[in-house]
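Commentary on secondary and tertiary structure
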Amino acid sequence: MDSPIALAEHPDHPGLEALDSAVAALSEAVAALRAAEAAVQERKAALAPAVPKIDDPELARRLAVWIYWNMPEVPVAPLAEMATGLTAGRAQQAFFKLSGTQASAVSCATCGMPVAVHSRDEMKRVLIAKLKRGVHPICVPCRASRRPETPTIYIERPIRNAAPTAFDREVLTLHAQRDQPKTIDALCLWGVHRVELLPEHIRLYLQDPDLGIAASLNVSREDYLTWLEGWGSVRCGGTTTTGEHCRNMAKGLTGLELKEWLEARSNGGCCAVHGG
């Protein structure tokens, strides 16, 4: 089939008129799409100035939290300033502590109750995991009551923190230059949790995200990644008949939080075969 350029070189070609019509229709569709995208951007830009100014601090806080959870299109910055009376990063850091949790539309894989999330970003991740992969997470109460004997992967998750985007690098660099902390999402056993990076941690994070997060948690990068990769499990301290280190997990020492894991690893443990 001749290309449009080849057809244009032959004005008498029988398919030229139909091609011109199709290209014109496509151009109109593209123009309409671009106009719609521009209109959406204009409406998004109008959201922040539309956030109301309220003198009553308690009412402002309650309304900001309600808007945060029920109108995810509204940016966080003006809501944080409205709720806290602070500005910039300090406002958002304080606001996330005020916003609490919200029941998601995703049920726990164990008890069937709605899973509570701590941020709109976490809400989005939980919904995507369910809709795209059919994955249901485990709620906090069920995780607390469940210590599997062997590592069980409840939800697909990465074991390395992703590099910051160009925009995030700019924001983090600005905080470091101003000697201000920044709260970010960091990988944990069951998804992500929020950690505060001090300026010195931010500089390490920009070099290596895992290194910066580990420093903020006051552990080494190696320990942090080992904890993630092993699902918080402690290896058995026994040896096999061939003199090799046992590859089993210590009984009852699986799915531990980071501080618990460090302490348990220091104390040691054994599997059922070696006396656990």
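The present account deals with the structure reproduced in this document. (Residues numbered from 1 in each chain as written. Predicted model: local features only at pLDDT ≥ 70, side-chain atom pairs only at ≥ 80, totals over all residues. Heavy atoms only, no water.)

What to know about unusual backbone geometry
Our working rule: Think of it this way: any DSSP run of H or I at least four residues long counts as a helix, any run of E at least two long counts as a strand, and we number them from the N terminus. For each residue, the accessible area found with a 1.4 Å probe, counting protein chains only, is set against the maximum for its type, and the residue is called buried under 20%, exposed over 50%, and partly exposed in between.
Non-glycine residue aspartate 179 carries a positive phi angle of around 60°. Its location among the elements puts aspartate 179 in the loop between helix H9 (166–177) and strand E3 (182–188). On the basis of relative accessible area, aspartate 179 is assigned to the exposed category, the value being 59%. Despite not being glycine, asparagine 218 has its phi angle at roughly 65°, a positive value. As for its position among the elements, asparagine 218 is in the loop between helix H11 (209–216) and helix H12 (221–229). The exposure class of asparagine 218 is exposed, given its relative accessible area of 70%.

Regarding H9
Quick reminder of the rule: Here the expected length of a helix is defined as 1.5 Å per residue gap, with one fewer gap than residues. Note: the arc covers the axis-to-C-beta directions of the helix. Here, residues are in contact when the closest pair of their heavy atoms is within 4.5 Å.
Between its terminal C-alpha atoms H9 stretches 16 Å, which fits the 16 Å expected from twelve residues at 1.5 Å a residue. Along H9, the residues classified as buried are Leu172, His175 and Ala176. Projected down its long axis, H9 carries its buried residues within an arc of 100°, all on one side. Summarising the geometry of H9, the exposed residues directed more than 90 degrees from the buried face are Ala166, Phe167, Glu170 and Gln177. Contacts made by the buried residues of H9 are with helix H6 (88–98), E3 and helix H10 (199–207).

A short note on the packing of aromatic side chains
Threshold: A pair of aromatic rings is counted whenever rings of Phe, Tyr or Trp (Trp by its six-membered ring) have centres within 6.5 Å, and the orientation is called stacked for planes under 30 degrees apart, edge-to-face for over 60 and tilted otherwise.
Within this structure, the stated rule accounts for five aromatic pairs. A ring pair is formed by tyrosine 68 and tryptophan 69, whose centres lie 5.0 Å apart and whose planes are at 80°; its orientation type is edge-to-face. Look at tryptophan 69 and you get buried, because its relative accessible area is 12%. Ring plane angle 35° and centroid distance 6.2 Å describe the contact between tyrosine 224 and tryptophan 227, whose orientation is recorded as tilted. Linking tyrosine 224 with tryptophan 227, this pair stays in helix H12, spanning three residues, or about one helical turn. When its relative accessible area of 0% is taken as the criterion, tyrosine 224 is described as buried.

Some words on the nonpolar core
Condition: Joining through side-chain atoms within 4.5 Å is the link that ties buried Ala, Val, Leu, Ile, Met, Phe, Trp, Tyr and Cys residues into a set, and such a set is a nonpolar core.
Membership of the largest hydrophobic core comes to 28 residues, with the highest contact counts inside it found for Ile184, Tyr224, Trp227 and Val234. Looking at this core, the elements that each hand over two or more residues are H9, E3, strand E4 (191–197), H10, H11, H12 and helix H13 (258–267). Among residues more than four places away in sequence, those in contact with isoleucine 184 are Leu172, His193, Arg194, Val195, Leu197, Tyr205 and Ile213. Ala60, Leu79, Ala80 and Met123 belong to the second-largest nonpolar core, a separate cluster that totals 20 residues.

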